[in-house]
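What the coordinates show
One letter stands for each residue in the lines below.
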Amino acid sequence: MGNENARDQSSSPGRRLATLARHLSVGDTSLISSRGEAINTAPTAGFHGGSVFANVAQAPEDPILGVTVAYNKDPSPMKVNLGVGAYRTEEGKPLVLNVVKKAEKMLLNNPSRVKEYLPITGLADFNKLSAKLIFGADSRAIQENRVTTVQCLSGTGSLRVGAEFLARHYNKRAIFIPQPTWGNHPKVFTLAGLSVKTYRYYDPKTRGLNFQGLLEDLNMAPSGAIVLLHACAHNPTGVDPTLDQWEQIRRLMRSKSLLPFFDSAYQGFASGNLDADAQSVRMFVADGGECLMAQSYAKNMGLYGERVGALSIVCESADVAVKVESQLKLVIRPMYSNPPIHGASIVATILKDSSVDKAYVFLCFLREMYREWTIELKAMANRIISMRQQLFNALSARGTPGDWSHIIKQIGMFTFTGLNKEQVSFMTREYHIYMTSDGRISMAGLNTKTIPHLADAIHAAVNRIK
Amino acid sequence: MAAIGRGILRRGIVGLPAVGSGSAARSMASWFGHVEPAAKDPILGVTEAFLADPSPEKVNVGVGAYRDDNGKPVVLECVREAERRIAGRLNMEYLPMGGSIKMIEESLKLAYGDDSEFIKDKRIAAVQALSGTGACRLFADFQKRFLPDSQIYIPIPTWSNHHNIWRDANVPQRTFRYYHPDTKGLDFASMMDDIKNAPNGSFFLLHACAHNPTGVDPSEEQWREISYQFKVKKHFPFFDMAYQGFASGDPEKDAKAIRIFLEDGHQIGCAQSYAKNMGLYGQRAGCLSILCEDELQAVAVKSQLQQIARPMYSNPPVHGALVVSTILGDPELKSLWLKEVKSMADRIIGMRNALRENLEKLGSPLSWEHITNQIGMFCYSGMTPEQVDRLTNEFHIYMTRNGRISMAGVTTGNVGYLANAIHEVTKSS
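About the criteria used
Residues numbered from 1 in each chain as written. Chains lettered and ligands numbered in written order. Predicted model: local features only at pLDDT ≥ 70, side-chain atom pairs only at ≥ 80, totals over all residues. Heavy atoms only, no water. UniProt positions renumbered as here; feature names shortened; annotations may be inferred. Pairing = 2+ DSSP bridges. Helix = DSSP H or I, 4+ residues; strand = E, 2+ residues; numbered from the N terminus. Axes fitted to C-alpha atoms, helices over the stretch in contact; angles between N-to-C directions. Contact = heavy atoms within 4.5 Å. Buried < 20%, exposed > 50% of the residue type's maximum accessible area, 1.4 Å probe, protein only. Polar contact = N/O pair within 3.5 Å; in protein donor to acceptor, adjacent residues only side chain to side chain. Expected span 1.5 Å × (residues − 1). Patch = residues over 30% accessible without salt bridge, like charges linked within 9 Å, V, L, I, M, F, W, Y side chains within 5 Å. Areas by Shrake-Rupley, 256 points an atom, 1.4 Å probe, with all protein chains shown as cover. Salt bridge = Lys/Arg side-chain N within 4 Å of Asp/Glu carboxyl O. Lys, Arg positive; Asp, Glu negative; His and termini not counted. Charge placed at Lys NZ, Arg CZ, Asp CG, Glu CD. Right-handed = clockwise from strand over helix to strand, strands pointing away. Nonpolar A, V, L, I, M, F, W, Y, C, P; charged D, E, K, R; others polar. Parallel < 35°, antiparallel > 145°, perpendicular 65-115°, else oblique.

Per an unreviewed UniProt entry, chain B carries the name aspartate transaminase and comes from Zingiber officinale. Recorded in UniProt under Catalytic activity (unreviewed entry), the annotation for chain B is "L-aspartate + 2-oxoglutarate = oxaloacetate + L-glutamate". Taken verbatim from the UniProt record of chain B, the Cofactor (unreviewed entry) comment is "pyridoxal 5'-phosphate".

An unreviewed UniProt entry annotates chain A as Aspartate aminotransferase originating from Zingiber officinale. Taken directly from UniProt, the Cofactor (unreviewed entry) text for chain A runs: "pyridoxal 5'-phosphate".

Here's what the structure looks like:
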């Protein structure tokens with residue numbers, strides 16, 4: 001890499017000789033190998049005995065996280081953070097779900113609980129329950145043991161492990177990702193060894209789905225290519241295909257043997273209904289075909305920092321699923337050996353069906369936790385939907401030029417406003433609104449008090465800057 | 001290479017999907033039919049086999065997880081108290097990409113010394129990692145990215161996963177001699193030879209204390225000589241420290257090798273794990289640090305380590321980090337932890353003595369000195385794979401086939417049985 005070239009450019013022949021001379025003058029024979037070869041300054045030998053990493057350049061700031069950094073620096077009392085996609089209450093505070101607190105307490109008070117290593121594939125209960133959650137309890141694929149599920153570190157970890165598996169065992173390297181997509185997607189797939197291509201997705205003119213473009217691009221994809229699909233609440237646009245459109249996508253993909261890789265980071269968070277948000281996935285699995293599924297509990301259970309997720313691979317047969325699972329272990333073991341136990345235990349506690357574990361005395365109580373969770377989840381989704389409506393109303397009331405209906409049409413945590421970079425900069429400078437330069441705003445960061453301020457900012461930006 | 005699987009043979013056509021209505025198609029072939037079943041992990045496979053064994057006499061001296069004298073796993077009191085304090089906290093937000101700042105600070109103090117000038121001068125690039133494995137992997141990936149021509153020298157033997165880690169990072173591996181099968185101790189002369197013969201500026205993986213799997217550590221004097229030779233050769237020392245506190249019972253003592261290298265001016269790398277010494281196994285709590293020339297470089301290196309973590313798991317898990325920083329950041333809890341870690345180490349040392357005594361009492365023709373010479377969780381017994389197989393098949397004793405005994409699995413209740421079994425399979429050798 002650039003490293004060595006930099007060193008060569010900065011060291012003159014004179015300095016190199018001086019270094020060598022120093023070594024020689026001390027009578028040091030260590031630079032001559034036992035085979036009597038000429039002195040060979042290793043590529044890693046520091047210049048003045050300095051660090052071997054002296055030429056490592058500082059990495060650029062992550063654009064999404066950089067927004068929060070800038071927000072924190074701003075002293076203005078009016079500032080609003082619409083950057084990172086973490087849920088905030090109406091009071092602007094992070095939220096730990098009540099049901100999560102309950103589950104944690106139960107785990108804490110259970111003295112027999114230990115913190116031993118999980119198996120490489122993670123907590124077995126958690127895996128089974130996660131598969132049921134996304135594929136449906138009545139899923140034939142699960143009943144036929146065709147699904148292998150391994151616990152991974154949230155959505156990112158699930159994507160990475162799945163991608164590494166594909167790079168090693170699948171015969172196609174190309175993965176098609178939607179344009180745009182979550183900023184980390186390309187890096188995850190590239191580092192795993194896949195070759196990233198794109199398919200058209202978002203239409204800036206309609207601020208909706210470019211369905212024609214999507215179909216055309218997938219139709220042009222080589223047979224067998226991998227296709228990344230956002231299961232619901234597309235990040236960053238909030239634009240989802242309709243069920244009809246999903247069916248068309250499914251047919252096209254199956255006819256071209258394209259391999260679906262789902263990213264499900266918002267199940268339950270988009271519409272407020274867990275089953276509705278899983279429809280796209282279940283449609284694909286119902287046709288008997290194979291797919292990969294990366295699941296995250298970061299948002300829908302508010303478990304962000306606990307890094308809870310699962311990778312499922314739906315296979316053609318139970319035999320294949322067993323072999324696939326054994327290979328997934330080989331990817332995981334040299335990465336981090338086995339996944340973290342805490343968050344997965346919380347999820348398993350909440351999702352547990354009373355009929356599954358007869359050891360628990362509080363059967364009714366446990367099913368209660370699942371119900372409680374769905375209620376809290378719906379409340380979060382509803383608050384976001386309400387914010388969308390309020391923002392739309394506020395812009396309409398101000399007569400802000402343009403069609404803002406996409407705000408209520410888009411779904412999930414994010415809205416792709418359609419504002420351009422200059423408009424965004426303006427809003428940050430003049431109104432202390434912090435968001436990513438692509439015009440994406442996190443609806444979860446809004447509340448009834450800040451909506452008017454945001455509406456003012458958008459109104460001003462749209463009027464002053466084209 | 002086509003994905004030819006059994007499904008294809010059955011149906012004769014590759015990847016013919018069901019076009020049309022939803023639930024029709026079971027006529028699709030598998031893309032993964034050709035995937036071979038992977039070999040079982042040698043270490044973790046042992047516990048699986050142990051659990052499947054119905055014999056009441058079975059003994060598990062395989063995986064390196066601590067057990068009390070009743071053979072039960074242990075949650076430290078300091079950990080329980082820390083968890084009580086953490087529960088019900090107000091947020092579970094993402095940690096920064098580099099992990100918990102507090103946890104990193106405390107980890108650096110532990111490894112480099114409370115008063116380390118390197119910490120004061122902010123010269124250490126450090127990130128929270130997924131236990132020791134994650135720390136090693138981040139370093140291996142970082143090494144590959146920024147020094148793509150480098151390789152790693154790994155001791156013979158070592159923890160088997162080390163090979164997997166650097167292989168998956170695409171860093172070529174070399175080995176250096178370490179364990180002497182005759183003495184069941186350190187083959188110091190060969191080790192020094194290999195260090196001298198490696199090209200200048202080679203990267204070396206060193207176990208900071210309680211070498212896994214042999215339990216054989218260099219003496220302080222030997223570490224000083226190794227450090228000197230590393231200076232001469234300008235080698236890069238990467239320390240894997242998975243047992244600080246667990247080896248001698250004293251974390252400061254167990255960090256001696258690292259401190260020697262730091263005194264001698266090496267710019268080291270270090271992987272730390274809290275799996276054993278805090279019993280946090282499943283929490284995956286660890287730290288990777290790299291000592292740099294100056295603060296600016298440390299900032300740059302840290303930013304690059306984060307770039308490696310981001311597409312792997314975005315940011316590390318918060319729970320284990322909170323437990324670590326709560327314990328180490330509170331003088332009372334830290335003091336409790338030090339007591340508890342010492343008592344774990346002491347129990348193991350006690351079991352080493354007991355096992356050796358038992359074998360000697362049985363009149364074994366072999367020398368078992370190495371059991372008490374070696375240190376830490378593991379004892380490299382010197383038994384052959386065939387002898388280990390006999391232990392498993394005839395006596396239901398489970399350990400890895402390299403003859404490594406996890407002393408943490410030995411109790412006053414089973415040490416006699418274990419000694420007897422070992423004596424049976426080795427007495428004719």
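Let's pick the thread back up.
Residues and elements named next belong to chain A. Spatial ordering of the open sheet is given by E2-E10-E9-E8-E7-E3-E4, a layout of seven strands whose pairing is mixed. The sheet is open, and its two borders are formed by strand E2 (147-152) and strand E4 (195-200), each paired with just one other strand. In this sheet, neighbouring strand axes are inclined to one another by 25° on average, regardless of whether the strands run parallel or antiparallel.

Attention now moves to the sheet that holds strand E7 (residues 203-207) of chain B. The strands making up a sheet are joined through hydrogen bonds of the backbone, oriented either antiparallel or parallel. Residue and element names in this part refer to chain B. Overall, mixed pairing links the seven strands, which are arranged E2-E10-E9-E8-E7-E3-E4 in an open sheet. Of all strands in the sheet, those bounded by a partner on one side alone are strand E2 (124-130) and strand E4 (173-177). Ignoring which end each strand starts from, the neighbouring axes of this sheet average 25° apart. Here five bridges tie E7 to strand E8 (residues 236-241), and the two strands are oriented parallel to one another. Residue pairing for E8: Phe203 is matched across the bridge by Phe236. Across the sheet, helix H6 (residues 131-146) is in contact with E2, strand E3 (152-156), E7, E8, strand E9 (269-273) and strand E10 (285-291); its angle to E2 comes to roughly 130°.

We now examine the environment of B:Lys184. Residue and element names in this part refer to chain B. Assignment of secondary structure puts Lys184 in the loop between strand E5 (179-180) and strand E6 (185-186). Looking at Lys184, the relative accessible area reads 21%, which means it is partly exposed. In this structure, the C-alpha to C-alpha distance between Lys184 and Val232, residues 48 residues apart in sequence, is 29 Å. Not counting residues within four places of it along the chain, the set of residues in contact with Lys184 comprises Tyr179, Val216, His370, Gln374, Tyr380, Ser381 and Gly382.

A few words on the side chain of A:Gln245. Tracing the backbone through its elements, the reader meets A:Gln245 in helix H10 (residues 243-255). A polar contact is formed between the side chain of A:Gln245 and the backbone nitrogen of A:Thr242, at a distance of 2.8 Å.

With that settled, consider helix H4 (residues 101-112) of chain B. All names here are of chain B. The terminal C-alpha atoms of H4 lie 16 Å apart, and with 12 residues this matches the ideal 16 Å at 1.5 Å per residue to within 8%. Residues of H4 that are buried: Met103, Ile104, Glu106, Ser107, Leu108, Leu110, Ala111 and Tyr112. Gly113 sits one or two residues past H4 and shows a positive phi near 105°.

Residue and element names in this part refer to chain B. Where like charges cluster on the molecular surface, the negative patch consists of Glu117, Asp121, Glu293, Asp294 and Glu295. Mapped onto the secondary structure, Glu295 falls in helix H12 (residues 295-313). Take Glu295: its relative accessible area is 40%, and that puts it in the partly exposed class.

Counting buried positions along helix H13 (residues 341-351) of chain A yields 11 of 11 residues, so the element is predominantly enclosed. When H13(A) is considered as a whole, its buried residues turn out to be A:Ile341, A:His342, A:Gly343, A:Ala344, A:Ser345, A:Ile346, A:Val347, A:Ala348, A:Thr349, A:Ile350 and A:Leu351.

All names here are of chain A. With an omega of 0°, the peptide bond running from Gln179 to Pro180 counts as cis. In this structure, Pro180 sits in the loop between strand E3 (174-179) and helix H8 (185-192). A cis geometry characterises the amide bond from Asn235 onward to Pro236, with omega recorded as 20°. Residue placement: Pro236 occurs in the loop between strand E7 (226-230) and H10.

Residues and elements named next belong to chain A. Burial analysis of E3 places five of its six residues in the buried class, the great majority of the element. Bridging between E3 and E4 involves six bridges; their strand directions are parallel. Along E4, the bridge assignment pairs Ile177 with Thr198. Handedness of the crossover joining E3 and E4 through H8 is recorded here as right-handed. Looking at chain direction, E3 and E7 are connected through two bridges and run parallel. Looking at E7, one finds that Phe176 is bridged to Val227.

Turning next to the interface of chain B and chain A. Every contact between the two is made by 104 residues of chain B and, on the other side, 102 residues of chain A. Inspection of the region where chain B meets chain A yields four salt bridges. Counting the contacts that link chain B with chain A gives 25 residue pairs in polar contact (both at pLDDT 80 or more). Counting residues per element, the ones that place at least two in the side of chain B that touches chain A are helix H1 (6-11), helix H2 (42-52), helix H3 (77-86), H6, helix H7 (160-168), helix H9 (220-233), H12 and helix H13 (318-329) of chain B. Broken down by element, the side of chain B that touches chain A gets its largest block of residues, 11 residues, from H12(B). Partitioning the side of chain B that touches chain A into residue classes produces 50 nonpolar, 30 polar and 24 charged.

Take the packing of H13(B) against helix H14 (residues 331-361) of chain B next. Residue and element names in this part refer to chain B. Contact pair H13 / H14: the axes reach a minimum separation of 5 Å and the direction vectors enclose 100°. Overall, the two elements H13 and H14 adopt an arrangement that is roughly perpendicular. Residues Thr326, Ile327, Leu328 and Gly329 of H13 pack against Pro331, Leu333, Lys334 and Trp337 of H14. In terms of residue class, the contact of H13 with H14 is built from five nonpolar, two polar and one charged.

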